[in-house]
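# Structural overview for review
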Amino acid sequence: MPAQEIELADDVDEYQYFLEKEWSDGFPVVAPTEARLKWMLAGTRRDPDEVVGDIPPAGVTATVRDVALHALMAGCKPDYLPVVLGAVQLMLREEFNLGGVQCTMHGVAPLMIVNGPYASEIGLHGGNGCFGPGFRANATIGRAIRLLLMNLGGGLAGLASATVFASPIRYTACLTENTALSPWETLAQSHGFSAGDNVISCAMVESPRLHFDDVSTGPERLLRGIADSMTSTGSWNMWFSSDVVVAMGPQHARLCASAGLTRAQVQQRLWELAERPQGNLKRGGNWREERARALGIDPRDDNAPFKAVKDVKRVQLIVAGGLGPVTAVCHGWNESSRAVHGVYDPAGSS
């Protein structure tokens, strides 16, 4: 739904009107009146008619005004608009393959990890319950992206989207790191950005799977358990080169840091441990002889290891959530999508 003026009769309920259209994700939206849209556009200095990009697979061209309209519908504040604009441009990078995930049978979605001073300023949450409800910035920024993907990209279940089940992460997927309780640098800093940079990272992933461990007293035992959660015979990342997001709870991260491990060392060890022997994988799930050969593995060798993440750099390790013995693992999609990272301008300039 590109930005356009719609006049409703006085006796038409605006909330019911939008819920009866395919413009909503099933929840009520804020009706985008011209006055409200003007209020939202105050969050950027960019020209409302400036083209942001074509949203796949439908290819409808999104302008700044279109993005603002969907941010408004999602319940964003104007201060959130620069993040939404930055995320859209980042997700349109060719290597991210937004069009592919729009049409897939899978239920993965683009997860946004926003780091930097502006994330704190607008109230993005990375502590207790950060993957769940109750935090306006997290919920509405992620929701704005989803509404754009539906309305301008045509990513509607049963139409362009072949998703079998979808998943809750397709409503909204946005958080920041818990820098207050993290013992390490952020994901953005690990990719060469500074602590003062405002950075968005995006990865195509499934909904988080929680790994609970209140027994381990040392990092090796802890990391073996988390690594096992990263492997699954039914996950795409076992068979293709993809990204996996590991959101380590502060308690688990501190256990590792107290033992002298750096963030990079934990990332390396998770990559090393997250594997299964081929004989184990043959018993069920997605194993195919041609997939083994494509990875350079002899399909007759039952002891050959299959790594959950083929490249250590694609273990996207963050520290998030509240205190408690829990880490969240988000399995990845396939080799057609690579995680992307980029700086955005909080002032709302191009």
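Everything discussed here concerns the structure shown above.
Parameters at a glance
- Residues numbered from 1 in each chain as written.
- Predicted model: local features only at pLDDT ≥ 70, side-chain atom pairs only at ≥ 80, totals over all residues.
- Heavy atoms only, no water.
- Pairing = 2+ DSSP bridges.
- Helix = DSSP H or I, 4+ residues; strand = E, 2+ residues; numbered from the N terminus.
- Contact = heavy atoms within 4.5 Å.
- Axes fitted to C-alpha atoms, helices over the stretch in contact; angles between N-to-C directions.
- Salt bridge = Lys/Arg side-chain N within 4 Å of Asp/Glu carboxyl O.
- Buried < 20%, exposed > 50% of the residue type's maximum accessible area, 1.4 Å probe, protein only.
- 1 Å grid on protein atoms, 1.4 Å probe; cavity = no way out; pocket = protein on both sides within 12 Å on 5 of 7 lines; lining within 4 Å.
- Points joined across faces, edges and corners; volume = space filled by probe spheres on them.
- Nonpolar A, V, L, I, M, F, W, Y, C, P; charged D, E, K, R; others polar.
- Patch = residues over 30% accessible without salt bridge, like charges linked within 9 Å, V, L, I, M, F, W, Y side chains within 5 Å.
- Areas by Shrake-Rupley, 256 points an atom, 1.4 Å probe, with all protein chains shown as cover.
- Parallel < 35°, antiparallel > 145°, perpendicular 65-115°, else oblique.

This brings us to the sheet that holds strand β3 (residues 109–115). Note: strands within a sheet are paired through backbone hydrogen bonds, in either parallel or antiparallel orientation. Taken in spatial order, the four strands of this open sheet run β4-β3-β5-β12, and their pairing is mixed. The open sheet has two edge strands with one neighbour each: β4 (174–175) and β12 (340–343). In this structure, β3 lies alongside β4, joined through two bridges in parallel fashion. Each bridged residue has a counterpart across the sheet, and for Met112 the counterpart in β4 is Cys174. Of the strands in this sheet, β3, β5 (199–205) and β12 are in contact with helix α4 (residues 81–91), which crosses β5 at around 55°. Those strands touched by helix α7 (residues 136–151) are β3 and β4, and its axis lies near 140° from that of β3.

What follows concerns the pattern of salt bridges. One pass over the structure, following the stated rule, counts 12 salt bridges. Asp25 is the partner of Arg143 in a salt bridge, and the nearest nitrogen-oxygen pair spans 2.7 Å. Highlighted residues: Arg143 in helix α7 and Asp25 in the loop between α1 (14–19) and α2 (34–41), separated in sequence by 118 residues. When the shortest N-O distance is used, the salt bridge between Arg65 and Glu34 registers 2.7 Å. Residue Arg65 is located in helix α3 (residues 64–74), and its partner Glu34 is located in helix α2; the two are separated by 31 residues in the primary sequence. A network of salt bridges, in which partner residues are shared, links Glu220, Arg224, Arg269 and Glu272.

Right, let's talk about the environment of Glu95 for a bit. Inspection of the secondary structure assignment puts Glu95 in the loop between α4 and α5 (98–103). Judged by relative accessible area, Glu95 falls into the partly exposed class, the value being 36%. In this structure the C-alpha to C-alpha distance between Glu95 and Pro82, which are 13 residues apart in sequence, comes to 22 Å. Those residues in contact with Glu95 that lie beyond four places of it in its chain are Ser336, Ser337, Arg338 and Val340.

So, about the layout of surface pockets. A volume near 400 Å³ is recorded for the largest pocket. If you trace the largest pocket, you find 20 residues lining it, with Phe131, Gly132, Pro168, Tyr171 and Thr172 closest to the centre. Counting residues per element, the lining of the largest pocket draws most heavily on α7, at four residues. In terms of residue class, the lining of the largest pocket is made up of 13 nonpolar, five polar and two charged. Along the walls of the second largest pocket sit 15 residues, with Arg146, Met150, Gly155, Ala157 and Ala166 positioned nearest its centre. Partitioning the lining of the second largest pocket into residue classes produces six nonpolar, five polar and four charged.

For β5, the tally of buried residues reaches seven of seven residues, placing the bulk of the element in the interior. With burial as the criterion, each face of β5 is covered, one bearing Val199, Ser201, Ala203 and Val205 and the other bearing Ile200, Cys202 and Met204. Bridge count between β3 and β5: seven bridges; the pairing is antiparallel. Directly across from Val114, in β5, lies its bridge partner Ile200. Alignment of β5 against β12, held across four bridges, turns out to be antiparallel. Counterpart to Ile200 in the pairing with β12 is Gly342.

What follows deals with a nonpolar patch on the surface. On the surface, a nonpolar cluster with roughly 410 Å² of combined accessible area is contributed by Met105, Val164 and Phe165. Checked against the element boundaries, Val164 lands in the loop between α7 and β4.

Direction vectors running N to C along α2 and α3 enclose 105°, while the axes themselves pass 9 Å from each other. In terms of axis orientation, α2 runs roughly perpendicular to α3. Along its contact with α2, which presents Glu34, Arg36, Leu37, Trp39, Met40 and Leu41, the element α3 presents Val64, Arg65, Ala68, Leu69, Ala71 and Leu72. Residue composition of the contact of α2 with α3, by class: nine nonpolar, no polar and three charged.

A few words on the pairing of strand β7 (residues 244–248). With five of its five residues buried, β7 lies for the most part within the structure. Relative to strand β11 (residues 326–330), β7 runs antiparallel, the two sharing four bridges. Opposite Ala247, over in β11, you have Ala328 as the bridge partner.

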